[in-house]
Amino acid sequence: MNVTAAIPAYSIVLDAPEHSAAVEALYDDVFGPGRFAKTAERLREGNTAIADASLVAIDSEGVTGVVRVWPVTVGEKGRAAFLGPIAVAERRRGNGVAFKLMERAIGVCREQGYAAVILVGDFEYYERFGFKPSGDRFQLPGPVDQKRVLIRDLSDRAATLKGALAVPR
Ligand SMILES: CC(C)(COP(=O)(O)OP(=O)(O)OC[C@H]1O[C@@H](n2cnc3c(N)ncnc32)[C@H](O)[C@@H]1OP(=O)(O)O)[C@@H](O)C(=O)NCCC(=O)NCCS
């Protein structure tokens, strides 16, 4: 059996204004209206996504997956990439779409010189991409379950990152 042919084709392209409406609809479907109340959202509002690391997956039905990545400051002098949200439409889950989006987004962050990628999520899922719990190294601008604050080191400089995460000014 040709397994590749059993999975409908999709492509991964850079996020762009033309995808905005479809991306918002996908986020609404996946996370519901409560998504704007999340603490992580405080690091996105007033911020500008890292263009090359923010990606959408498109198939014949349109936008089927999205990941966005944001620059943040860490403490006084640090910088890192803050990833999320990532979402894949239910109809495409389990096809590795999120895996491809994650791998590419992390690769771009490394190429752009970010010391680390930080996110809030389930360790059980993100472990496969090299994320590990960050302990109490980082403070987010609101309540968060610290066990879910994860970091993926991209360089030796990641070890020096510590402090409050904030939107760059
Ligand atoms: C998480 C999500 C992006 C994964 O998308 P996907 O394209 O199906 O992911 P992949 O195909 O690369 O991987 C699927 C695997 O991840 C596992 N997985 C998905 N969510 C998981 C979680 N929260 N914890 C542990 N494993 C998880 C699936 O069970 C599946 O396992 P398998 O490979 O053993 O079958 C998608 O399920 C989704 O949009 N979920 C709702 C939104 C969400 O939780 N986003 C992440 C928080 S910001």
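Scoring rules and cut-offs
- Residues numbered from 1 in each chain as written.
- Predicted model: local features only at pLDDT ≥ 70, side-chain atom pairs only at ≥ 80, totals over all residues.
- Heavy atoms only, no water.
- Helix = DSSP H or I, 4+ residues; strand = E, 2+ residues; numbered from the N terminus.
- Rg over C-alpha atoms; globule rule 2.2 N^0.38 Å.
- Buried < 20%, exposed > 50% of the residue type's maximum accessible area, 1.4 Å probe, protein only.
- Contact = heavy atoms within 4.5 Å.
- Areas by Shrake-Rupley, 256 points an atom, 1.4 Å probe, with all protein chains shown as cover.
- Lys, Arg positive; Asp, Glu negative; His and termini not counted.
- Charge placed at Lys NZ, Arg CZ, Asp CG, Glu CD.
- Polar contact = N/O pair within 3.5 Å; in protein donor to acceptor, adjacent residues only side chain to side chain.
- Salt bridge = Lys/Arg side-chain N within 4 Å of Asp/Glu carboxyl O.
- Expected span 1.5 Å × (residues − 1).
- Arc of directions from axis to C-beta.
- Pairing = 2+ DSSP bridges.

Some words on the overall build of the protein chain
Phase 1 of the analysis: Helix and strand counts for the protein chain come out as four helices and nine strands.
Phase 2 of the analysis: On C-alpha atoms alone, the protein chain measures out to a radius of gyration of 16 Å, which is about the 15 Å that the 2.2 N^0.38 rule sets for 169 residues.
Phase 3 of the analysis: Dimensions along the principal axes, computed over C-alpha positions, put the protein chain at roughly 50 × 35 × 25 Å.
Phase 4 of the analysis: Residues classed as buried in the protein chain amount to 44% of the 169 residues present.
Phase 5 of the analysis: Sequence separation of 24 or more characterises 68% of the internal contacts of the protein chain that already satisfy a separation of 6 or more.
Phase 6 of the analysis: Split by element, the accessible area of the protein chain, about 9,000 Å² in all, is 53% carbon and sulfur.
Phase 7 of the analysis: Separation of charge centres in the protein chain, based on 22 positive and 21 negative side chains, amounts to 4 Å.

Description of the side chain of Asp 15
Phase 1 of the analysis: Along the chain, the position of Asp 15 falls in the loop between β1 (11-14) and α2 (20-31).
Phase 2 of the analysis: At 2.7 Å, the side chain of Asp 15 forms a polar contact with the side chain of Arg 68.
Phase 3 of the analysis: If we skip the residues at most four places from it in the chain, Asp 15 touches Val 23, Ser 54, Leu 55, Val 56 and Arg 68.

Points about the pattern of salt bridges
Phase 1 of the analysis: With the rule as written, the count across this model stands at 12 salt bridges.
Phase 2 of the analysis: Note that Arg 35 and Glu 24 form a salt bridge whose closest N and O atoms lie 2.7 Å from each other. With Arg 35 in the loop between α2 and β2 (55-59) and Glu 24 in helix α2, the pair connects residues that are 11 residues apart, well separated along the chain.
Phase 3 of the analysis: By relative accessible area, which is 29% here, Glu 24 ends up partly exposed.
Phase 4 of the analysis: Asp 145 is the partner of Lys 147 in a salt bridge, and the nearest nitrogen-oxygen pair spans 3.6 Å.
Phase 5 of the analysis: When salt bridges that share partners are traced, they join Asp 15, Glu 24, Asp 28, Arg 35 and Arg 68 into one network.

Quick notes on α2
Phase 1 of the analysis: Taking 1.5 Å of rise per residue, 12 residues should cover 16 Å, and α2 covers 16 Å from first to last C-alpha, within 8% of that figure.
Phase 2 of the analysis: Along α2, the residues that are buried comprise Val 23, Leu 26 and Tyr 27. The buried residues of α2 occupy one face: seen down the axis, they fall within an arc of 100°. Of the exposed residues in α2, the ones pointing more than 90 degrees away from its buried face are Ala 21 and Asp 29.

A short note on the pairing of strand β8 (residues 149-153)
Phase 1 of the analysis: The element β8 is largely enclosed, with a buried count of four among its five residues.
Phase 2 of the analysis: Bridging between strand β5 (residues 116-120) and β8 involves five bridges; their strand directions are antiparallel. Among the inter-strand pairings, Val 120 is bridged to a residue of β8, identified as Val 149.
Phase 3 of the analysis: Across two bridges, the pairing between strand β6 (residues 132-133) and β8 is antiparallel.

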